[in-house]
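Summary of the model geometry
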Amino acid sequence: MSDAGTAKVFVITGPSGVGKGTLIKQLLERVPNLALSVSATTRDPREGEKDGVDYHFLTEEQFQERIAAKDFLEFATYSGNHYGTLNSELDRCLEKGRSVVLEIEVQGATQVRAARPDSVQIFIAPPDESVLRERLRGRGTDSPAAIDRRLKTAEQELAQQDDFAHRIVNDDLDQAAAELESIVRTATGS
Ligand code: ADP
Ligand code: 5GP
């Protein structure tokens, strides 16, 4: 890390469907000069997703090559696909003095905590588990079988929420977005 100014690494994690993407979109609108790290994944693009924008979409072989080259800050297998944060993504942003937001699942967040103890770790929790299914159904991007797999993983992820320095319950979206903004502004002194 260049340590330029008060550039920080923010790790935003929590179960699928809890609203991480929605909250991060609001955060980027509320706080200037934050960069969102574009992850690599082997999962297929969803309708409308663009390579290099939503994800770097890699084949299994390409992903394994990047692991062998030690290109990842962290990586994990989630619901049958690989996901990972490239060191180059982080460096590109931090070198410009910009704080970086990682939206990653819990195993990856745990790896980042070990690799970068200075990262700010935020767990987004649902008001209760039943909203996850409703939200995933409502989002309409995953098949019923894929939703079931994600909800099974969510149970394990929720069991680890106390390991995180910050926890936000995403019930009322505006309130959760305000809490996230406040954590980020406090950490960056902005
Ligand atoms: P994640 O990125 O954690 O998988 P998303 O941001 O895609 O979750 O949100 C999943 C669905 O829930 C989306 O359809 C989104 O519009 C909806 N959603 C997010 N936050 C809330 C909220 N506070 N109340 C109701 N619906 C929400
Ligand atoms: P999705 O398939 O819904 O885009 O993402 C599935 C899960 O993978 C989500 O919990 C998301 O936060 C997580 N994820 C996305 N990018 C990364 C990454 O780079 N590393 C890790 N560990 N998880 C990621």
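This structure is a prediction, so every number in the text was calculated from the model and none was measured.

Details of the nonpolar core
I12, L27, L102, I122 and L180 are the most contacted members of the largest nonpolar core, which totals 41 residues. Not counting residues within four places of it along the chain, the set of residues in contact with I122 comprises F10, V11, I12, T13, H166, I168, L180 and I183. Membership of the second largest hydrophobic core comes to 5 residues, among which are A40, F63, F72 and L86.

What to know about the pairing of strand 7 (residues 99-103)
The element strand 7 is extensively covered by neighbouring structure, given that 4 of its 5 residues are classed as buried. Pairing geometry for strand 1 (residues 9-13) and strand 7, over 4 bridges, is parallel. Within strand 7, the position partnered with I12 by the bridge is E103. Of the pairings in the sheet, the one linking strand 2 (residues 34-36) to strand 7 comprises 3 bridges and is parallel in character.

Observations concerning the side chain of S37
For S37, the position within the fold is in the loop between strand 2 and strand 3 (40-41). Judged by its relative accessible area of 8%, S37 is buried. Apart from residues lying up to four places away in sequence, S37 is in contact with T85, E89, V100, V101 and L102.

Reading guide: rules and limits
Residues numbered from 1 in each chain as written. Chains lettered and ligands numbered in written order. Predicted model: local features only at pLDDT ≥ 70, side-chain atom pairs only at ≥ 80, totals over all residues. Heavy atoms only, no water. Core = buried A, V, L, I, M, F, W, Y, C linked by side-chain atoms within 4.5 Å. Buried < 20%, exposed > 50% of the residue type's maximum accessible area, 1.4 Å probe, protein only. Contact = heavy atoms within 4.5 Å. Helix = DSSP H or I, 4+ residues; strand = E, 2+ residues; numbered from the N terminus. Pairing = 2+ DSSP bridges.

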